[in-house]
Structure formats: structure tokens, C-alpha cells
Amino acid sequence: MQRLTAAGARAIVDMSYSRHFLDFQGSAIPRTMQKLVVTRLSPNFHEAVTLRRDCPVPLPGDGDLLVRNRYVGINASDINYAAGRYDPSVKPPFDIGFEGIGEVVALGLSASARYTVGQAVAYAAPGSFAEYTVVPASIATAVPSVKPEYLTLLVSGTTAYISLKELGELSEGKKVLVTAAAGGTGQFAVQLSKMARCHVIGTCSSEEKAAFLKSVGCDRPINYRTEPVEEVLKREYPEGVDVVYESVGGAMFDLAVDALATKGRLLVIGFISGYQSPTGLSPVKAGALPAKLLRKSASLQGFFLNHYFSKYQAAMEHLLALYTQGDLVCEVDLGHLTPEGRFTGLESIFRAVDYMYTRKNIGKLVVELPHCASSKL
């Protein structure tokens, strides 16, 4: 029998069954932990989020896993979440972080049909910016080991795969423009478009990023700090591009609309340039948009991963297979090149978010959470 605690976590009352539910001693699970909590709504991550210590470690319910997080992923939309833009009905305080990877250290009886203590799992679920997270077993993905590369697929990889597969209509010879192409999700849009035998153009902000893009098959990297993107597209692609995978917004969005070919498609998967502003948006020339789309029979469509969960598991399985076969590069940026060094510990998440918004990361930004030396896992 179970009862609900004041915090909503299910505590096990009938301890005769505890060996089936939990392995607290064997997993060296402490009573308290640290986690990041949104304590006020603000697009300024430092103002919105607080590192709290001495938080109770949650208990898994019957169908849940308790995961000790070893790596967590940083997403541009962490700022949107902390600003309360995704669900205005949710009021602070609330947990934050979208994705993690680690070991199962405790689990419910039903969950034990598929998982065991010590197993490596990855998940996309709220509350990953914590030392321990309760995850429904139904949405966890078993992975061969705790490697940050697997983490890159959870949100960034699946966003690229599902959006391009469902909306992109890719085929051989199509011209695909990927903005922020060397970032966490851009790297996958480039590679998946190449797998579809498309010609891929990628915008980026440094020569190091341009070199990385070439290494993963990008046909025409454009470093916008040294080459005007608009001029390059007009000169080298006068007929326009067929598909745009757009995550920057603002002036880049306007440029992408103008670059569309007849019957071209522009997929909006984000608009990071405006996330830190009070409105979350950068100005765009929307007044002329209907006429521009009409003249080209072009289309504009948004993509939000939450609306495609029915496609999620198949996408993860496909991407994991590609990575395992060596056909997909999962570039991880752990902050080695930052002045302060590698992103380690929950407190470094603030620094990692800042680093993302200076547009310096190559690949997926990931923070490592060191585990207790006394652990048996």
C-alpha cells in the first residue's frame, strides 16, 4: 500500500515489498539533493533560477524510475521555460531542465518489468536539472552506457529528424538551408539532409564552426561574420532554396523567407535571437510575409516537439541505430574551451546557458554531474 506525501511523492508504507521497489542502500541514495528551481518568471536565467540544496530526493511510484543524473542537456528554450512562456498556468516554484542521462537507482514494481537498478537510461522530461529525477518508465530510453552523445538525440536529434521527415519533404537534389547549423540541433539537420542526398547550406559564426560543418558533410558553410549570408545566397543560389530549417529568428528569418524558392518550405523550430527579450521575440518583417509566400507558392510552418510525441520513440530508435552504426556524428560541447573550463556540477548550468547565448558552442551543450564516490554503481 502507498500513500501520498505532502509533496505529492508516493512513499512506500508496506516495507515488506521494499526490495522490489527500491535499492536505497545498494545505490547509496542520500536523503537530500541539489536541484535548480524556477523561483520567479524572467527571461534572465540568472534571475529566474535558484540552486536549492537540501531538497528531498523524490521516491518513484509504481511505474517510475529514479534516475541519478550524470549528464544533462542545455537547450535554448530553457530560457523560455524559466520565463513561463510554455505554460502560463504554472507558477513558481517549479523544476527545470528538459533532458538527462544517468543510472536507474530505484524503481517501482511495474517499472521493474523492463528496467533494473544500475541500468543506463536517457529521458526527455521536466526536472532534469537535479541530482536525481523521477522519470516514468514509459518515456525512458534504455541506452548501452552513460555517454553524453546519447543525450544529444533526446531533444535536438529528434527535433531535426521528425520535423524534416514530417514537414521537410526532402528528396535528392533539394537545396536545404540550416541556420545555426553548428548548434545542438543544427548539426543533425545538416547530417539528415545529407542522408536524403540534398545540397546543404549552413550558417554559423566562426571558422571553427565552418570547419566542423564541412566535416559532417555541409556543402556550403557560411560564416556570417565574414560573409554576408544574403549576398552569398543571391549569388550562389539565384533560384532559391527548397527547405529552410530555421532556429534563429529576427533578421535571419526575414533573410530565409526571401531566399525561398518557388514552392519552398520554411520550418520554424525556434527563434533564439529573441528569447532573452521581454517578449521572447525579435522583430520580423511580417507585414510583407503573406505576399512573399503567395508569390512563390511557399509555405511557413512551425514545429514544436511536444506535438509529435507519437513519432518520438521511433525517431529515437532510428537515431540510436545511426549513431551505433557510425553513420551519425553527435557532437558534444562540455565547455572544455571556456576560460573557466568544463561544465561540471549544477552550478555550472548558469555558465553553460550564458555560453550558448554568446553563440560559441559547437554541437550540443552538455553539463556533467559528478556522482558520489561512495556509490556502488
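Residues numbered from 1 in each chain as written. Predicted model: local features only at pLDDT ≥ 70, side-chain atom pairs only at ≥ 80, totals over all residues. Heavy atoms only, no water.

Undergrad: Please explain the sheet that holds strand S11 (residues 175-178) as it appears in this structure.
TA: Hydrogen bonds along the backbone pair up the strands of a sheet, which may run parallel or antiparallel. Read across the open sheet, the 6 strands follow the order S13-S12-S11-S14-S15-S16; overall the sheet is parallel. Of all strands in the sheet, those bounded by a partner on one side alone are strand S13 (220-223) and strand S16 (299-302). Here the average twist between neighbouring strands, direction ignored, is 15°. Pairing of strand S12 (residues 199-204) with S13 involves 4 bridges; the strand directions are parallel. Paired with Thr 203 across the bridge in S13 is Ile 222. Across the sheet, helix H6 (residues 186-195) is in contact with S11, S12 and strand S14 (241-246); its angle to S11 comes to roughly 170°. (Pairing = 2+ DSSP bridges. Helix = DSSP H or I, 4+ residues; strand = E, 2+ residues; numbered from the N terminus. Axes fitted to C-alpha atoms, helices over the stretch in contact; angles between N-to-C directions. Contact = heavy atoms within 4.5 Å.)

Undergrad: Just to check I follow, could you spell out the state of the cysteines for this structure?
TA: Simply put, disulfide is the name for a covalent bond between the sulfur atoms of two cysteines. Scanning the model with the defined rule gives 0 disulfides in all. A disulfide-free cysteine, Cys 198 has its sulfur positioned 12 Å from the sulfur of Cys 218, the nearest such atom. The class for Cys 198 is buried, based on a relative accessible area of 2%. Cysteine Cys 330 shares no disulfide, and the gap to the nearest cysteine sulfur, in Cys 218, comes to 17 Å. (Disulfide = S-S within 2.5 Å. Buried < 20%, exposed > 50% of the residue type's maximum accessible area, 1.4 Å probe, protein only.)

Undergrad: Explain the pattern of salt bridges here, please?
TA: Two side chains carrying opposite charge are able to pair once their charged atoms lie near each other. Taken as a whole, this structure holds 15 salt bridges when the rule is applied. Asp 95 is the partner of Lys 35 in a salt bridge, and the nearest nitrogen-oxygen pair spans 3.1 Å. Within this pair, whereas Lys 35 is found in strand S3 (residues 32-38), its partner Asp 95 is found in strand S6 (residues 94-95), the two being separated by 60 residues in sequence. As a salt-bridge pair, Asp 258 and Lys 292 come within 2.8 Å of each other at their nearest N and O atoms. Pair noted here: Asp 258 is in helix H9 (residues 251-259) and Lys 292 is in helix H10 (residues 289-296), with a separation of 34 residues, a long-range link. A residue is classified by how much of its surface remains accessible, and Lys 292, at 18% relative accessible area, is buried. It is possible to trace a salt-bridge network through shared partners that takes in Arg 220, Glu 227, Arg 235 and Glu 236. (Salt bridge = Lys/Arg side-chain N within 4 Å of Asp/Glu carboxyl O.)

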